[in-house]
Amino acid sequence: MNEPRPARRLFLRAGAATGAALTVGGFAAPGTPALTADGAAAPAAAAPGGFPDYKYVRTLLTPSQLKYNPTGEIIFPCIRGTAGRLANPLGRYYLYYGPHDAPGGICLSYGDSLEGPFTEYPNNPIVSNNWQPHYKVSHVASAHVMWIEASKEMWMYFHGENTTTRLARSKDGINFTYDKVVLSTSMLPSGTTETSYARVFPHELPSRGAHFVMLFMLNNTSNHRDIHWGWSADGRNWTFDQQPLVRHTDVGAVNVGGPHLLHRDNSTYVVYNKDKASGGDMMITEVGNDFSKRSHLGVFYNSRSAAPENGRAAAPSFGTDGGVPYMIYEAGERLAGSIAMARG
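From a predicted model like this one, the values you see are computed outputs, not experimental measurements. (Residues numbered from 1 in each chain as written. Predicted model: local features only at pLDDT ≥ 70, side-chain atom pairs only at ≥ 80, totals over all residues. Heavy atoms only, no water.)

(A) Region of interest: unusual backbone geometry. In the segment running from Asn124 into Pro125, the intervening peptide bond is cis, with an omega of 0°. Residue position: Pro125 is located in the loop between strand 7 (119–120) and strand 8 (130–131). Here the bond from Gly160 into Glu161 is cis, since omega is -10°, no more than 30 degrees from zero. Along the chain, Glu161 falls in the loop between strand 11 (153–159) and strand 12 (164–170). Of note, Phe76 is a non-glycine position whose phi angle comes to about 55°, a positive value. You can see Phe76 is positioned in strand 4 (residues 75–81). Exposure remark for Phe76: the relative accessible area of 1% places this residue in the buried category. (Helix = DSSP H or I, 4+ residues; strand = E, 2+ residues; numbered from the N terminus. Buried < 20%, exposed > 50% of the residue type's maximum accessible area, 1.4 Å probe, protein only.)

(B) Region of the structure containing the confidence of the model for the protein. In the predicted model, the protein carries a mean pLDDT of 88, and the fraction of residues at 70 or more is 87%. Between residues 1–44, whose pLDDT stays under 50, and residues either more than four places distant or in other chains, the model counts 150 contacts. (pLDDT = per-residue confidence, 0-100. Contact = heavy atoms within 4.5 Å.)

(C) Spotlight on the packing of aromatic side chains. For the coordinates displayed, the defined rule picks out 16 aromatic pairs. Geometrically, the ring pair formed by Trp131 and Tyr135 is edge-to-face, given 6.1 Å between the ring centres and 75° between the ring planes. For the residue pair Trp131 and Tyr135, the accessibility class agrees, reading buried in each case. In textbook terms, an aromatic cluster arises when at least three aromatic residues are bridged by ring pairs, as seen for Phe51, Tyr54, Tyr269, Phe300 and Phe318. Above the face of the Trp231 ring, Arg208 is positioned so that its terminal group lies 4.0 Å from the ring centre. (Phe/Tyr/Trp six-rings, centres within 6.5 Å; stacked < 30°, edge-to-face > 60°. Lys NZ or Arg CZ within 6 Å of the ring centre and 35° of its normal.)

(D) Just the pairing of strand 19 (residues 267–274), in detail. Strand 19 sits mainly inside the fold: eight of its eight residues count as buried. When strand 18 (residues 256–264) meets strand 19, the two strands line up antiparallel, connected through seven bridges. The residue bridging Gly257 from the neighbouring strand is Asn273, located in strand 19. Taking the residues between adjacent antiparallel strands as the criterion, strand 18 and strand 19 are bridged by two residues, where Asp265 takes a positive phi near 50°. (Pairing = 2+ DSSP bridges.)

(E) Quick look at the sheet that holds strand 23 (residues 324–331). Taken in spatial order, the four strands make up an open sheet running 3-24-23-22, and their pairing is antiparallel. Edge positions in the open sheet fall to strand 3 (55–61) and strand 22 (313–321), since each of these has one partner strand only. Taken over all neighbouring pairs, the strand axes of this sheet differ in orientation by 30° on average, direction set aside. The pairing of strand 3 with strand 24 (residues 338–343) spans five bridges and is classified as antiparallel. What sits directly across from Leu61, in strand 24, is Ile339. (Axes fitted to C-alpha atoms, helices over the stretch in contact; angles between N-to-C directions.)

(F) Here's a closer look at the pairing of strand 4. Of all seven residues making up strand 4, seven are buried, and the element is well covered by its neighbours. Sheet analysis places strand 4 next to strand 5 (residues 93–98), joined by five bridges and oriented antiparallel. The partner of Arg80 across the bridge, within strand 5, is Tyr94.

(G) Molecular detail of the nonpolar core. Core analysis: the largest hydrophobic core is formed by 24 residues, its most contacted members being Tyr96, Ile126, Met156 and Phe158. Only strand 5, strand 6 (107–111), strand 10 (141–148), strand 11 and strand 13 (176–184) provide two or more residues apiece to this core. In contact with Met156, not counting residues within four places along its chain, are Tyr96, Ile106, Ile126, Val127, Ala143, His144, Val145, Arg166, Leu167, Ala168 and Phe176. Among the nonpolar cores identified, the runner-up in size contains 19 residues, and Ala253, Tyr272, Met283 and Phe291 belong to it. (Core = buried A, V, L, I, M, F, W, Y, C linked by side-chain atoms within 4.5 Å.)

(H) Expanded view of the pattern of salt bridges. This model, assessed by the stated rule, comprises 14 salt bridges. Glu153 is paired through a salt bridge with Lys171; the nearest N and O atoms lie 4.0 Å apart. Within this pair, whereas Glu153 is found in strand 11, its partner Lys171 is found in the loop between strand 12 and strand 13, the two being separated by 18 residues in sequence. Of the charged contacts in the structure, one is a salt bridge between Glu286 and Lys293, with a shortest N-O distance of 3.3 Å. Overall, Glu286 belongs to the buried group, its relative accessible area being 11%. Judged by relative accessible area, which is 38%, Lys293 ranks as partly exposed. Shared partners join several salt bridges into a network, and the residues in it are Glu153, Arg169, Lys171, Asp179 and Arg236. (Salt bridge = Lys/Arg side-chain N within 4 Å of Asp/Glu carboxyl O.)

(I) Region of the structure containing the sheet that holds strand 13. Within the open sheet, the four strands sit side by side as 10-11-12-13. Their pairing is antiparallel. Looking at which strands have only one partner, the edges of the open sheet turn out to be strand 10 and strand 13. Averaged over all neighbouring strand pairs, the angle between strand axes comes to 25°, with direction disregarded. In terms of strand pairing, strand 12 meets strand 13 through seven bridges, oriented antiparallel.

(J) Structural detail: the environment of Lys136. Structurally, Lys136 is set in strand 9 (residues 135–136). Among the residues examined, Lys136 registers a relative accessible area of 65% and is labelled exposed. The spacing of Lys136 and Glu161 is 25 residues in sequence and 9.4 Å in space, taken between C-alpha atoms. Not counting residues up to four positions away in its chain, the partners in contact with Lys136 are Asn129 and Asn130.

Written out as structure tokens, the structure is:
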């Protein structure tokens, strides 16, 4: 936890897949000056891996202020730029999030700045726990949305139940069409009980014929959560490594989760969070561009003991606006927190 040095990073590079450019993080389409992935000048580096420090600025969303609030909690933000992508968007940025506990629901807020404010979409949830004929589950949660330039679509990866990650696709970022199951416990070793909180990123792995990687949290009968990963040529059909990418024991935690992929200085990193009892900080591990490296570099972002973090910062999503990098993340105890913003 190690108060007061919050941290920050610069961020994930846009990649190419199947001959078409895709952008991730909070950026808008290539060529939009305020939303570049690599072009912004970085402030002085301080965090491991050469990433600069992020500092908490403000809370963006609190459950009690939201119209759709079935459980009094929200988790797992995902920020996406809309400029040059969506026709007549509600704002320059779409912020996806939602409650976890039943019934859950994938929600949307929108705004014109990563500084906020964000306005709640009036018809949340945009994806519910009952989507016939495809599924009926106790809850859906943890939306990760990625722009696919080739099809001009937003692709949403989300879980429900905790055993299953699904894919849905949209032309406007609001109305989604169901696609398929992309990850389940049956695809991982025997004894796996959860495969959830997946994020997908464009990333070239020529030796595996892959243009995308997926990071996710896995739990098993030991009841300790690790970070796992997989790769895909098309973002729909996946192969998964049967061994953890980052074990909880690697960083002295009971559980690790909320992974995000970052790229800097021709190397690749994974940022993820510890459980609160293990410190509640975000950690960083260098995996290299081919994912063969395991260099645990330490604390990426120190959670503050003060509100709203209260000793836990988790599940980051990243964006750049006007050359300034931002981190949007969970602040506070699990299922008792808010969505906060830190700025570089």
